[in-house]
2 protein chains.
Amino acid sequence: MSEYIVVALDAMGGDNAPSEMVKGAVDAINSNKEVKVVLVGKEDVINTELSNYTYNKEQISIKNATEVIETAEHPVMAIKRKKDSSMVVGLHLVKDGEADAFVSAGNSGALLVGGLGIVGRIRGIERSPFGALIPTKTGVALLVDSGSNVDCRSSHLVQFAKMGSIYMEKALGIKNPRVAIVNNGAEEEKGNALVKETMPLLKECSDINFIGGLEAREIPAGAADVIVCDGFVGNAILKTYEGVASTLLSVFKEGLTSNLKSKIGAALALPSLKNKLKAFDATQYGGAPLLGLNGLVVKTHGSAKAGEVKNTIFQCATFKEQRINEHIRENIVIEKKKEE
Amino acid sequence: MSEYIVVALDAMGGDNAPSEMVKGAVDAINSNKEVKVVLVGKEDVINTELSNYTYNKEQISIKNATEVIETAEHPVMAIKRKKDSSMVVGLHLVKDGEADAFVSAGNSGALLVGGLGIVGRIRGIERSPFGALIPTKTGVALLVDSGSNVDCRSSHLVQFAKMGSIYMEKALGIKNPRVAIVNNGAEEEKGNALVKETMPLLKECSDINFIGGLEAREIPAGAADVIVCDGFVGNAILKTYEGVASTLLSVFKEGLTSNLKSKIGAALALPSLKNKLKAFDATQYGGAPLLGLNGLVVKTHGSAKAGEVKNTIFQCATFKEQRINEHIRENIVIEKKKEE
């Protein structure tokens, strides 16, 4: 591997592929001299896109892959059958040590199946959760698991809490991140069977700053930095978050443009409004990493544009620089062995 | 029981008790001649509040109760020990047939414990879910269970779906309501163990309009009328909904008032904006009924003001007029017996 941090990017995945993927890659290398991007996908298509830009040729290469996994495909079947898809080829680059990370805006389920099957979990990590970065009023929080493991055991949630804590501390620079578990109330007696079993285990963890249970209502206000739950609950929270935000924004837009008076008002208020809303947008931090793998696999939104792609490439660079997987190995796996 | 529809109201429960509770009761009877409200709580306190209003004395009475269950109290202990609390006394009015419904903005857990223990479930109904009305872009949807049963079996979810369907059809006049189950994706193979077990059972129900699984992202857009899930997931969705909406509204407010230009703009846009946002507010429909009890028990928001209290009293009147519990008995319980 070169001295560069090498990020393989699925040039064919997502609603805006390949154009926004390629643009994001060019933008990333143009502002970070330590990163090299391998664009994975149909060589001719990628070359056509690249011809629109000027950039340091040493920092971008292409890995040809003739197939594409579509969003609606069955994840297991797709990974099994499409051996020459951009996703499978990109994941093999990480497995073979030719890339430090793989980023895709494509089929989440396939990325999960492929990440586990091709890159594989760190030995001792029981489950790999998606960690989605969600916006809060005061910054950003990590929702872990945001959708990878829909049925969990308490030992899984404990590892999610630890990996999430390491991630927020190292990748986002949040010191001593506050870790909370999603619960249906603040009171001690609350919780479903899983939460009741997990709560005392988390309290015993001396290596994380566990602050207890929190109701989902408190997440947007910024009540915790790492929010632990099973992947079914996490998916429900993440998707509700996105759905309510997008619906409310459209209701607002309609309100601001429903008549001439409100349109004039909107024109006056828009700059400062946009400024405030920009803070409530997590795409500036990058995509959702699949934590606990032998390498880094990151999912960006299906709707990701160049800006989010660029931020996700930077996120991969930080992940590598901060040696996050080494911290996971040292702090979770080795400690676990000691206990056994 | 008189010819009136009798609604017992916890005058002492919630952040704004007793003043907003009493005001809501007076507003309700002043605009509906068929409703009688029994204000349950400290007689002298209630009388002082009532002295501020003129109203038909026949439509309001007081049932004295000397104790109050606080929001932070342990539900089971509170119901057991505070026999003369407004909540316990009010629930007994329903049990004894002196009231058709009981409404409280107080401790949700205690209301659930008391509703089950004092009023009791309809024979044949396995679990009583809270059905929260949540706003959507096109109207309103019922989230059931929104927090009552945190660990559920598939047979519980099937009954939630049926009770929710009856409720939305009869209480809100939505014909052939679309029933969906919360899932972590639209694809057939998605779901945690509970959803995978429940999905085929719901498909077999010929008495509901089951449209399949839906991602939480689609709820705010109005993709279904009855949204089925266990109470833990439902609580997470409901609280995320409330938290994101309130945080985004405050971000918007800050954006609209951050400088002189935006303030002028805000003043111009406000009327039409408020108008649009009003539609995205479910309190106009009332509180969250605890479905499947021998009588009606409704939880309003802890922060409920007179308007929401009044709407909840009207909701109780509709529940009684539309004979919703009779429909639940006929369509769910009797059908279930036939199957056995």
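Please refer to the structure placed before this passage.
**Side note on the packing of aromatic side chains**
Applying the stated criterion across every chain, the model contains three aromatic pairs over all chains. On the numbers, 3.2 Å between centres and 40° between planes, the contact of A:Phe252 with B:Phe252 is tilted. With one member in each of two chains, A:Phe252 in helix H8 (residues 231–256) and B:Phe252 in helix H8 (residues 231–256) form a pair that bridges those chains. Residue A:Phe252 is classed as buried on the basis of its relative accessible area of 5%. Judged by centre distance (6.0 Å) and plane angle (45°), the rings of B:Tyr167 and B:Phe319 are tilted. Separated by 152 residues along the polypeptide, B:Tyr167 in helix H6 (residues 154–172) and B:Phe319 in helix H10 (residues 306–321) bring together distant segments of the chain. Take B:Tyr167: its relative accessible area is 2%, and that puts it in the buried class. On the accessibility criterion, B:Phe319 (7% relative accessible area) is buried.

**Remarks on the relation of the copies chain A and chain B**
Once chain A is rotated about the relating axis by 180° and shifted along it by 0.0 Å, it coincides with chain B to within an RMSD of 0.0 Å. Here the symmetry operator amounts to a two-fold rotation axis. Taking the C-alpha atom as reference, chain A places A:Gly265 closest to the rotation axis, 1.8 Å from it. When the interface residues of chain A are mapped onto chain B, 100% of them again fall at the interface, so both copies present the same face.

**Here we look at the interface of chain A and chain B**
Every contact between the two is made by 57 residues of chain A and, on the other side, 57 residues of chain B. Note on chain A versus chain B: buried area summed over both sides is about 5100 Å², and carbon and sulfur give 71% of it. Counting across the interface, chain A meets chain B through six salt bridges. In this structure, A:Glu215 engages B:Lys239 in a salt bridge whose closest nitrogen and oxygen atoms are separated by 2.5 Å. Our count for the contact surface shared by chain A and chain B stands at 10 residue pairs in polar contact (both at pLDDT 80 or more). Those elements that provide at least two residues to the side of chain A that touches chain B are helix H7 (193–203), H8 and helix H9 (260–279) of chain A. If one sorts the elements of the side of chain A that touches chain B by residue count, H8(A) sits on top with 21 residues. Classifying every residue of the side of chain A that touches chain B gives 28 nonpolar, 18 polar and 11 charged.

Cut-off values and rules
Residues numbered from 1 in each chain as written. Chains lettered and ligands numbered in written order. Predicted model: local features only at pLDDT ≥ 70, side-chain atom pairs only at ≥ 80, totals over all residues. Heavy atoms only, no water. Phe/Tyr/Trp six-rings, centres within 6.5 Å; stacked < 30°, edge-to-face > 60°. Helix = DSSP H or I, 4+ residues; strand = E, 2+ residues; numbered from the N terminus. Buried < 20%, exposed > 50% of the residue type's maximum accessible area, 1.4 Å probe, protein only. Least-squares fit on C-alpha atoms with pLDDT ≥ 70 in both. Contact = heavy atoms within 4.5 Å. Buried area = accessible area lost by both parts, 1.4 Å probe. Salt bridge = Lys/Arg side-chain N within 4 Å of Asp/Glu carboxyl O. Polar contact = N/O pair within 3.5 Å; in protein donor to acceptor, adjacent residues only side chain to side chain. Nonpolar A, V, L, I, M, F, W, Y, C, P; charged D, E, K, R; others polar.

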